[in-house]
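Residue-level structure breakdown
Single-letter residue listing:
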There are 2 protein chains.
Amino acid sequence: MLLSKTILALDKVLPIKTLKGIRDYIPKVKFSYITLLDGGLEYLKEVYKLGWEEVIFDLKLADIDSTMVGIVSRLTSFSDSFISHSFIGFEGALDDLSSYLLKEGKGLYLVLSMSHKGWNDSFYPYLKDVAKRVNPKGFVVGATKPEMIKVVRNDFPEKIIISPGVGVQGALFGDALCNGADYEIVGRSIYSSTDPVKTARELVAKQEVRINECKEVSENRK
Amino acid sequence: MLLSKTILALDKVLPIKTLKGIRDYIPKVKFSYITLLDGGLEYLKEVYKLGWEEVIFDLKLADIDSTMVGIVSRLTSFSDSFISHSFIGFEGALDDLSSYLLKEGKGLYLVLSMSHKGWNDSFYPYLKDVAKRVNPKGFVVGATKPEMIKVVRNDFPEKIIISPGVGVQGALFGDALCNGADYEIVGRSIYSSTDPVKTARELVAKQEVRINECKEVSENRK
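Definitions and limits used
Residues numbered from 1 in each chain as written. Chains lettered and ligands numbered in written order. Predicted model: local features only at pLDDT ≥ 70, side-chain atom pairs only at ≥ 80, totals over all residues. Heavy atoms only, no water. Disulfide = S-S within 2.5 Å. Helix = DSSP H or I, 4+ residues; strand = E, 2+ residues; numbered from the N terminus. Buried < 20%, exposed > 50% of the residue type's maximum accessible area, 1.4 Å probe, protein only. Pairing = 2+ DSSP bridges. Right-handed = clockwise from strand over helix to strand, strands pointing away. Salt bridge = Lys/Arg side-chain N within 4 Å of Asp/Glu carboxyl O. Polar contact = N/O pair within 3.5 Å; in protein donor to acceptor, adjacent residues only side chain to side chain. UniProt positions renumbered as here; feature names shortened; annotations may be inferred. 1 Å grid on protein atoms, 1.4 Å probe; cavity = no way out; pocket = protein on both sides within 12 Å on 5 of 7 lines; lining within 4 Å. Contact = heavy atoms within 4.5 Å. Axes fitted to C-alpha atoms, helices over the stretch in contact; angles between N-to-C directions. Buried area = accessible area lost by both parts, 1.4 Å probe.

Once that is clear, we can look at the state of the cysteines. Residues and elements named next belong to chain A. Counting across every chain of the model gives 2 disulfides over all chains. Across the disulfide from cysteine 178 sits cysteine 214; the S-S distance is 2.0 Å. Classification of the bridge connecting cysteine 178 and cysteine 214 rests on its S-S torsion, roughly -75°, and on that basis the disulfide is left-handed. Highlighted residues: cysteine 178 in helix 7 (residues 175–179) and cysteine 214 in the loop between helix 9 (196–213) and helix 10 (215–221), separated in sequence by 36 residues.

Pasting the structure below:
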């Protein structure tokens, strides 16, 4: 069994048996509202029980304090971490969310750069300031933005970077890791496959090859 | 019966009977993920059937195109409109969301300024550009930001402005309307009241008084 540096973006209700198979290769899972709407809370609880290293609710939270705390407080019993936007700012938003999650022993990842073309990275200096005030567990930086991964890695050497946009969205397996991310988030490539377990296994192998290719770079970083 | 320029932010599962009473005074309702998590889709469908002028899903969407379309496509059968952030940009995000909603005959409101203290309005020129490309039904501008309501009203004279932050968050009933908003969004003041129907009725009266006070300003705007 080879555990990859991968997070499964579970945006489709896969059978629990299939997820058990994927779990042998992929240590972490990320839920979206799509999985919640299609599977319901009971399904998410079943998936949580499979014993992942980390279960992340990727709700792209971007509301006022009371609304965000209201949402996460209903989900903390079967989650380890949550993803929120940073652009909403600190006072009246991320201040209360981050202190609530800290109190509950849950992690917070802040979005610093998204993977799609229309995302505007010129606001990064502001988002970085917000991030420093929040001091979260980690950050979300799109794999399609290699330069942004390097910038965030440099600005926050101690933080975990998780990186979506690998596979269908265009980035190659392993590239985000080579650029400084800690985990790559893969969704459609796996859950839309006719054999998701086999695809997960192959993906891990591809990632391993790519990581070995850039090992020297990674070593220099440490 | 006096229908106000108010939208009920239903962040609490109120009895259907109570909502029928509120419906006599308040023409529109807005759901959040909190109502969805607490009441489930069946509850939201029941509320939808009460015959509001407009049912808005306030999910503060802020994701890539496929995820946002995936979410709203599961809710369009009992909704009229959705609220999305503008900050995420056009290509790969709001382009697909807005064309999907247009095709489905559903409305889209973009957040241009939030009601909490930490929101940074210095990004407004960028958000305005995004908004012009999207050309949505309307905008969300916090009632706690009277200057921003005036700016957005001036930049988009034809668009609907809906305004949260009235009541518990600090803005006075009617003020956002006086500043140029078309609807005020009221949540906690009503749903946390011991008699929500009575509170709704009183609120409408207060709003009416305030609107009459500033009628001259409104008339000049038209």
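Let us look at the pairing of strand 2 (residues 28–31) of chain A. Residue and element names in this part refer to chain A. What you see with strand 2 is no split at all: Lys28 and Lys30 on one side and Val29 and Phe31 on the other are buried throughout. The pairing of strand 1 (residues 6–10) with strand 2 spans 4 bridges and is parallel. Bridged to isoleucine 7 within strand 2 is lysine 28. The handedness of the strand 2 to strand 3 (residues 54–61) crossover, carried by helix 2 (residues 33–48), is right-handed.

Looking now at the pattern of salt bridges. A complete count under the given rule lists 34 salt bridges over all chains for this structure. Here aspartate 38 of chain A and arginine 74 of chain B are joined by a salt bridge, their closest N and O atoms 2.6 Å apart. On the criterion of chain membership, the pair formed by aspartate 38 of chain A in helix 2 and arginine 74 of chain B in the loop between helix 3 (65–73) and strand 4 (81–85) is interchain, its members lying in two chains. The class of aspartate 38 of chain A is partly exposed, set by a relative accessible area of 42%. On the basis of relative accessibility, which here comes to 30%, the residue arginine 74 of chain B falls in the partly exposed class. A salt bridge links aspartate 63 of chain B to lysine 60 of chain A; its shortest N-O distance comes to 3.2 Å. Residue aspartate 63 of chain B is found in the loop between strand 3 (54–61) and helix 3, and its partner lysine 60 of chain A is found in strand 3; the two belong to separate chains.

What follows covers the environment of threonine 144 of chain A. Residue and element names in this part refer to chain A. Structurally, threonine 144 is set in the loop between strand 6 (138–141) and helix 6 (146–155). Residues threonine 144 and glycine 170, 26 residues apart in the sequence, show an inter-C-alpha distance of 6.7 Å. Separated by 2.7 Å, the side chain of threonine 144 and the backbone oxygen of serine 115 make a polar contact.

The subject of this paragraph is the UniProt feature "active site" (unreviewed entry) in chain A. The sites that carry the UniProt feature "active site" (unreviewed entry) are, in the present numbering, Asp58, Lys60 and Asp63 of chain A. When only the residues just named are considered, the largest cavity is lined by Asp58 and Lys60 of chain A. Examined against the element boundaries, aspartate 58 of chain A turns out to sit in strand 3. Non-local contacts of aspartate 58 of chain A, meaning those with residues more than four positions away in its chain, are made with Lys30, Phe31, Ser32 and Ile83 of chain A. When sequence neighbours within four positions are dropped, the list of residues in contact with lysine 60 of chain A reads Ile83, His85, Val111 and Met114 of chain A together with Lys60, Ala62 and Asp63 of chain B.

Let us look at the environment of lysine 150 of chain A. Residue and element names in this part refer to chain A. Considering the arrangement of structural elements, one finds lysine 150 in helix 6. A relative accessible area of 40% means that lysine 150 is categorised as partly exposed. For the pair lysine 150 and glycine 118, spaced 32 residues apart in sequence, the C-alpha separation works out to 20 Å.

Before going further, it helps to examine the sheet that holds strand 7 (residues 160–163) of chain A. All names here are of chain A. Read around the closed barrel, 8 strands run 1-2-3-4-5-6-7-8, paired in parallel fashion. Taking the axes of each pair of neighbouring strands and ignoring which way they run, one obtains an average angle of 30° across the sheet. Here helix 3 (residues 65–73) sits on the sheet in contact with strand 3 and strand 4 (81–85), set at roughly 150° to strand 3.

In this assembly, 35 residues from chain A lie in contact with 35 residues from chain B. A per-residue breakdown of the area chain A buries against chain B is headed by Leu37, Phe87 and Phe123 of chain A, which together make up 20% of the total. Counting the contacts that link chain A with chain B gives 4 salt bridges. On the surface where chain A and chain B come into contact, there are 10 residue pairs in polar contact (both at pLDDT 80 or more). Only helix 2, helix 3 and helix 4 (90–103) of chain A provide two or more residues apiece to the side of chain A that touches chain B. Of all the elements, helix 2 of chain A adds the most residues to the side of chain A that touches chain B, at 6 residues.

So, on to the UniProt feature "binding site: substrate" (unreviewed entry) in chain A. Per the UniProt entry, the sites bearing "binding site: substrate" (unreviewed entry) are Lys30, Ser115, Gly187 and Arg188 of chain A in this numbering. Looking at lysine 30 of chain A, the relative accessible area reads 8%, which means it is buried. Beyond its immediate chain neighbours, meaning those up to four positions away, lysine 30 of chain A contacts Ile7, Leu8, Ala9, Leu10, Ile56, Asp58, Ile83 and Ile185 of chain A. Examined against the element boundaries, arginine 188 of chain A turns out to sit in helix 8 (residues 188–191). Judged by relative accessible area, arginine 188 of chain A falls into the partly exposed class, the value being 29%. Setting aside residues no more than four positions away along its own chain, arginine 188 of chain A makes contact with Val168, Gln169 and Ser193 of chain A together with Ile64 and Ser66 of chain B.

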